[in-house]
Amino acid sequence: FTCDGEDIGPELQIERVPDGAESLALIVDDPDAPGGDWVHWLVWNINPQTKIIKNSQVPAGATQGLNDFGRQDYGGPCPPSGTHHYYFRFYALDKHLNLAENSKKIDLESAIHRHILDSTRLIGLYKRQ
């Protein structure tokens, strides 16, 4: 799941989405990056009926934003030193988002503000050998 491996995302299982959710959004980032928060993956307008996201495959109808690698896909952990925390944050939203594909984390966070029904996070740790 890292730059030292296949650089594909882990399988993510989704459950207990609240009633009334119109879409889901996912932000994957590393707050321990030397220059501050580093965005690894942005996905929104995920169908709330989605149960599994397999190896960074974008669910049908969902949109990917621009990560800090300058790409619209998953970019795996590749810390320059030390152990870093990787946050996988899911948001259940009361609407579909109208964001351009090249949108960044700040755009996504602004769009979901006041539309979050519920959220959860998974934290992974990684240190290069």
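Heads up: the structure comes first, above all this text.
None of the values given here were measured: they were computed from a predicted structure.

Rules of the game
Residues numbered from 1 in each chain as written. Predicted model: local features only at pLDDT ≥ 70, side-chain atom pairs only at ≥ 80, totals over all residues. Heavy atoms only, no water. Helix = DSSP H or I, 4+ residues; strand = E, 2+ residues; numbered from the N terminus. Rg over C-alpha atoms; globule rule 2.2 N^0.38 Å. Buried < 20%, exposed > 50% of the residue type's maximum accessible area, 1.4 Å probe, protein only. Contact = heavy atoms within 4.5 Å. Areas by Shrake-Rupley, 256 points an atom, 1.4 Å probe, with all protein chains shown as cover. Lys, Arg positive; Asp, Glu negative; His and termini not counted. Charge placed at Lys NZ, Arg CZ, Asp CG, Glu CD. Polar contact = N/O pair within 3.5 Å; in protein donor to acceptor, adjacent residues only side chain to side chain. Pairing = 2+ DSSP bridges. Axes fitted to C-alpha atoms, helices over the stretch in contact; angles between N-to-C directions. Core = buried A, V, L, I, M, F, W, Y, C linked by side-chain atoms within 4.5 Å.

Trainee: Please give an account of the overall build of the chain that cites residues and values.
Mentor: From N to C terminus, the chain includes one helix and seven strands. Written out in order from the N terminus, the α and β elements of the chain read β-β-β-β-β-β-α-β. Taking 2.2 N^0.38 as the reference for a compact globule, 129 residues should give roughly 14 Å; the C-alpha atoms of the chain span a radius of gyration of 14 Å, in line with that estimate. A total of 129 residues make up the chain; the buried ones form 42% of that total. Contacts in the chain between residues at least 24 apart in sequence constitute 68% of all its contacts with a sequence separation of at least 6. Summed over its atoms, the accessible surface of the chain is roughly 7,300 Å², and 45% of this surface lies on carbon and sulfur atoms. Distance from the positive charge centre (12 side chains) to the negative charge centre (18 side chains) of the chain: 3 Å.

Trainee: Can you lay out the side chain of N67 for me, pointing to particular residues and giving the numbers?
Mentor: For N67, the location among the structural elements is in the loop between β5 (63-64) and β6 (84-93). Among the polar contacts made by the side chain of N67, one reaches the main-chain carbonyl oxygen of D73 at a distance of 2.7 Å. Among all residues touching N67, those that are not within four sequence positions of it are V39, H40, W41, D73, Y74 and G75.

Trainee: Give me unusual backbone geometry: which residues, what numbers.
Mentor: Backbone geometry at R16 places phi at a positive 60°, although glycine is not the residue there. Considering the arrangement of structural elements, one finds R16 in the loop between β1 (12-13) and β2 (23-30). Phi at S56 is positive, roughly 60°, even though this residue is not glycine. Structurally, S56 is set in the loop between β4 (52-53) and β5.

Trainee: Just give me the short version of the side chain of S103, but keep the residues and values in it.
Mentor: With respect to the helices and strands, S103 occurs in the loop between β6 and α1 (105-112). The buried category is assigned to S103, whose relative accessible area is 6%.

Trainee: Describe in detail the sheet that holds strand β7 (residues 116-126), supporting the description with residues and values.
Mentor: Pairing within the open sheet is antiparallel, and its five strands lie in the order β5-β3-β2-β6-β7. Strands with a single pairing partner mark the edges of an open sheet, and in this sheet they are β5 and β7. Relative to strand β3 (residues 38-46), β2 runs antiparallel, the two sharing six bridges. Bridge pairing in β3 links L26 to V43. The sheet strands contacting α1 are β2, β3, β6 and β7, and the helix crosses β2 at an angle near 140°.

Trainee: Talk me through the nonpolar core; I want residue IDs and the actual numbers.
Mentor: One broad rule of soluble globular proteins: the nonpolar side chains tend to lie buried together. In terms of nonpolar packing, the biggest core is built from 17 residues, with L12, L26, W41, V43, I46, I53 and F90 touching the most fellow members. When contributions to this core are tallied by element, the ones reaching two or more residues are β2, β3 and β6. By residue number, the principal contributor to this core is β6, which donates four residues. Setting aside residues no more than four positions away along its own chain, I46 makes contact with S23, L24, L26, I53, P59, A62 and F90.

Without other data, these values stay purely geometric and don't point to any function.
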